[in-house]
Amino acid sequence: MGVRTRWVAASLLLLGVGIGLTACMGGWFNPQLAATLIIGAPVARGGGYEVLISVASMPDGGLASIAVDDLGFTHTNVDGNSVVATGLNGFVVLAQDFVTTPGRGRLTAVNAATGIEGGTIIEVTFTATGANPTFTIEQADKGKVSLGSHHNTTIGTWTLGTGKAYYAK
Amino acid sequence: MAVVAFGLTLAGGPFSGSFTSELLLDPAPNLAFASLDSNFTLNYAFYEFVTTSESEFYLLGYIWQGFGLTGRLGAFNVQADLLFGPSTADFIYAQEIVTARLAGVEVGFYWAMLSGAVLGGPANGAVLRLAGSVGGCDIVSVTELGARIRDEEFDGITIVHVDTGLSKSYVTNPIVATQTGSVCVGGFTGEKVTINGMSFGCIEDLSTTLYVSCLSGFEWVRFEVVGICSGLSWLSLNLALSFELQTKSIVATPRLILGECLCIDTYMEVLTDAPDNTIYGAFTSLTGFSLYGLGFTYRGQGVTVKELTVFDTGRYVLTTPDYGSVIESLAEAVDKGHEYFPEYWELLSIEVVQDGCCGGITELLINTYFERDSGSLFGWGMTHVEGTFAVNPTLSLGGEIEADPTGLTQLGLCIEVSW
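Conventions adopted
Residues numbered from 1 in each chain as written. Chains lettered and ligands numbered in written order. Predicted model: local features only at pLDDT ≥ 70, side-chain atom pairs only at ≥ 80, totals over all residues. Helix = DSSP H or I, 4+ residues; strand = E, 2+ residues; numbered from the N terminus. Buried ≥ 20, exposed ≤ 12 C-beta atoms within 10 Å, placed from the backbone. Contact = placed C-beta atoms within 7 Å. Core = buried A, V, L, I, M, F, W, Y, C linked by C-beta atoms within 7 Å. Pairing = 2+ DSSP bridges.

Engineer: Can you tell me about the overall build of chain B, naming the residues and giving the values?
Structural biologist: The number of helices and strands found in chain B is 2 helices and 30 strands. Once the C-alpha set of chain B is aligned to its principal axes, its extents read approximately 65 × 60 × 40 Å. Counting over 419 residues, chain B shows a buried share of 22%. The contacts in chain B between residues at least 6 apart in sequence include a share of 39% that link residues at least 24 apart.

In structure tokens:
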């Protein structure tokens, strides 16, 4: 009898903690799970800079291919000849060009082994030609980006970056 | 809680902690500064609790500030975590875990909140986990109230800083798909029941897992049996029977039973004509065996010598030292977020761990990797050397050097102070 009473008391306590904490937060939230391609800001590394390209909430087994058409990337104060894109987490960069059109660039990368639902996929390194270099895909150029899933389907609905400094996976 | 934890750490008492700083230099062209990663940890113990403050700096940025609390309150074990992003002045994540063993039942209450500063947030939720044994069967019930916890089926949550790639991982994930305006928001979102150790007919150890969600109703039920004898002494099968709403699948995964032969580990798998080497889908026959790796390990008197060779580099990889320097399938490494070397097929490792002359531990690790098409002597790909020298029980100095056929690629210096 004593054990049952303690069990009931503990259960009520746990329930109370949960309800209390939830009430403190002002209610429940509905998480946003939109597929997103994220281009990080340049971070100084060694004598140059590094940009991480990541994805979050990718559907259909995750992202397995990405193609950024000509003039898809935009960069300023960057030495185009120094730009090197390297695949991460199973991605392999098949082709890249940041030289033909000054200030612009393109690349294609695939992951033959698996898809990435959330995480980094490409690391871009370069040397700067001036202060505060930028390397990104502008919203106006989103149409030049094609994403493919691990299930061999086109990922048609996705957003480009969000201005947020963190993502969860 | 942050204020309380910080206040307690300032209030004096039994402190412990550590400060670690690692400076990396890029040798080419002229020892340029590459990165500076520093961690400062401060613990404060009181009664049966320990509060922890963890600060992480990268280059000149203050990336993470975490606070933790662990301890016992009567029959309850309590753990709490808070994470802030100082570089953006954001609250990021909070988690509370309360567990207890009551009347033979393990009760766990998990609660988490993710802020709107993180892509996907804001989100919050809780999980009630009950586990116990009845009649020789182990039963686990996980009731999801807008969150999931890390287990065999689901990951916890990893929060990543976009620019640096630095991350923090926690058990309770409050990002669960719901439908706006549905009854699933703010209430029950899923229930998972797992029963292990059931007997059914001639099967002595049957595991079953049922998962239902508020969003879709019935999600799946799975029955698993491990180690089915095939009649061949060297071959067994694992069987998984899954029912989803519109599909049923049965997957038999063949496993080789290898005896003790010398001290060299063999990494082998059974091949079938199905793309994933299972007995399912496109399978019609076993097609052969694949020896995809070899391993050798010797341990004695503080010295460990390890040699690993990967033959099938398209599907298997060597993980980095941080992830154990083991042979792992590429798909598994990517899925679990393990770091690996895609370009190397062989590792020769020598590790020495000895007591320091003046207290503490002195360590030396030499890892040499070989590459298939490097064109250098013996196909040498890269050598990584790192060492830690204990000056006294509280101060250690370390360094690391990395070189590949192009020359010296990295130099690092490390200092760790603990008290």
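Engineer: Can you lay out the overall build of chain A for me, pointing to particular residues and giving the numbers?
Structural biologist: For chain A, the count of helices and strands is 1 helix and 12 strands. Ordered by position in the sequence, the α and β elements of chain A form the string α-β-β-β-β-β-β-β-β-β-β-β-β. When burial is assessed residue by residue, chain A has 38% of its 169 residues classed as buried. Counting only contacts in chain A whose residues sit at least 6 apart along the sequence, the fraction spanning at least 24 positions is 73%.

Engineer: Could you give me a rundown of the interface of chain A and chain B, with the residues and numbers involved?
Structural biologist: The partner chain B presents 48 residues to the 44 residues of chain A that form the contact. Counting residues per element, the ones that place at least two in the side of chain A that touches chain B are α1 (2-24), β1 (36-39), β2 (43-45), β3 (48-56), β8 (119-126) and β12 (166-168) of chain A.

Engineer: An account of the nonpolar core is needed here, citing residue identities and associated values.
Structural biologist: Of all hydrophobic cores here, the largest spans 89 residues; its most connected members are Leu63(A), Ile121(A), Tyr166(A), Tyr167(A), Tyr110(B) and Ile159(B). Residues contacting Tyr110(B), with those up to four places away along its chain left out, are Ile97(B), Ala126(B), Val127(B), Arg129(B), Ala147(B), Ile149(B), Val171(B) and Thr172(B).

Engineer: Give me the lowdown on the sheet that holds strand β8 (residues 118-119) of chain B, citing residues and values where you can.
Structural biologist: Taken in spatial order, the 4 strands of this open sheet run β8(B)-β12(A)-β12(B)-β13(B), and their pairing is mixed. Here the strands that pair on one side only, and so sit at the sheet edges, are β8 and β13 (167-170) of chain B.

Engineer: Could you give me a rundown of the pairing of strand β26 (residues 344-355) of chain B, with the residues and numbers involved?
Structural biologist: Residue and element names in this part refer to chain B. In terms of strand pairing, strand β22 (residues 303-310) meets β26 through 7 bridges, oriented antiparallel. Opposite Leu-308, over in β26, you have Leu-347 as the bridge partner. Where β26 folds back on strand β27 (residues 361-371), the antiparallel hairpin that results is connected by 5 residues, among which Gly-359 adopts a positive phi of roughly 100 degrees.

Engineer: Give me the lowdown on the environment of Glu307(B), citing residues and values where you can.
Structural biologist: Residue and element names in this part refer to chain B. In this fold, Glu-307 is placed in strand β22. Placed 238 residues apart in sequence, Glu-307 and Leu-69 show a C-alpha to C-alpha distance of 41 Å. Leave out the neighbours within four places in its chain, and Glu-307 touches Gly-295, Phe-296, Leu-347 and Leu-348.

Engineer: Run through unusual backbone geometry, naming residues and quoting values.
Structural biologist: All names here are of chain A. One non-glycine residue with positive phi stands out, namely Asp-60, at about 55 degrees. When you line up the elements, Asp-60 lands in the loop between β3 and β4 (63-76). Despite not being glycine, Asn-77 shows a phi value in the positive range, around 55 degrees. Within the element layout of this structure, Asn-77 appears in the loop between β4 and β5 (84-87).

Engineer: Report on the sheet that holds strand β25 (residues 340-341) of chain B, specifying residues and quantitative values.
Structural biologist: Residue and element names in this part refer to chain B. Strand order in the open sheet formed by 3 strands is β24-β23-β25, with antiparallel pairing between adjacent strands. Edge positions in the sheet fall to β24 (327-329) and β25, since each of these pairs with one other strand and no more. Bridge count for strand β23 (residues 316-319) against β25 is 2 bridges, and the pairing is antiparallel. Looking across to β25, one finds that Leu-318 is bridged to Phe-341.

Engineer: Go over the environment of Pro14(B) with me, naming the residues and quoting the values.
Structural biologist: Residues and elements named next belong to chain B. Along the chain, Pro-14 turns up in the loop between α1 (2-10) and β1 (15-26). Looking at Pro-14, the number of C-beta atoms within 10 Å reads 9, which means it is exposed. Between the alpha carbons of Pro-14 and Phe-243 there is a distance of 55 Å; along the sequence they are 229 residues apart. Not counting residues up to four positions away in its chain, the partners in contact with Pro-14 are Tyr-44 and Ala-45.

Engineer: An account of the environment of Asn196(B) is requested, with residue identities and associated values reported.
Structural biologist: Residue and element names in this part refer to chain B. Along the chain, Asn-196 turns up in strand β15 (residues 190-200). When the C-alpha atoms of Asn-196 and Val-251 are compared, they prove to be 19 Å apart, with 55 residues separating the residues in sequence. Every residue in contact with Asn-196, bar those within four places of it in the chain, is listed here: Cys-137, Asp-138 and Ser-207.

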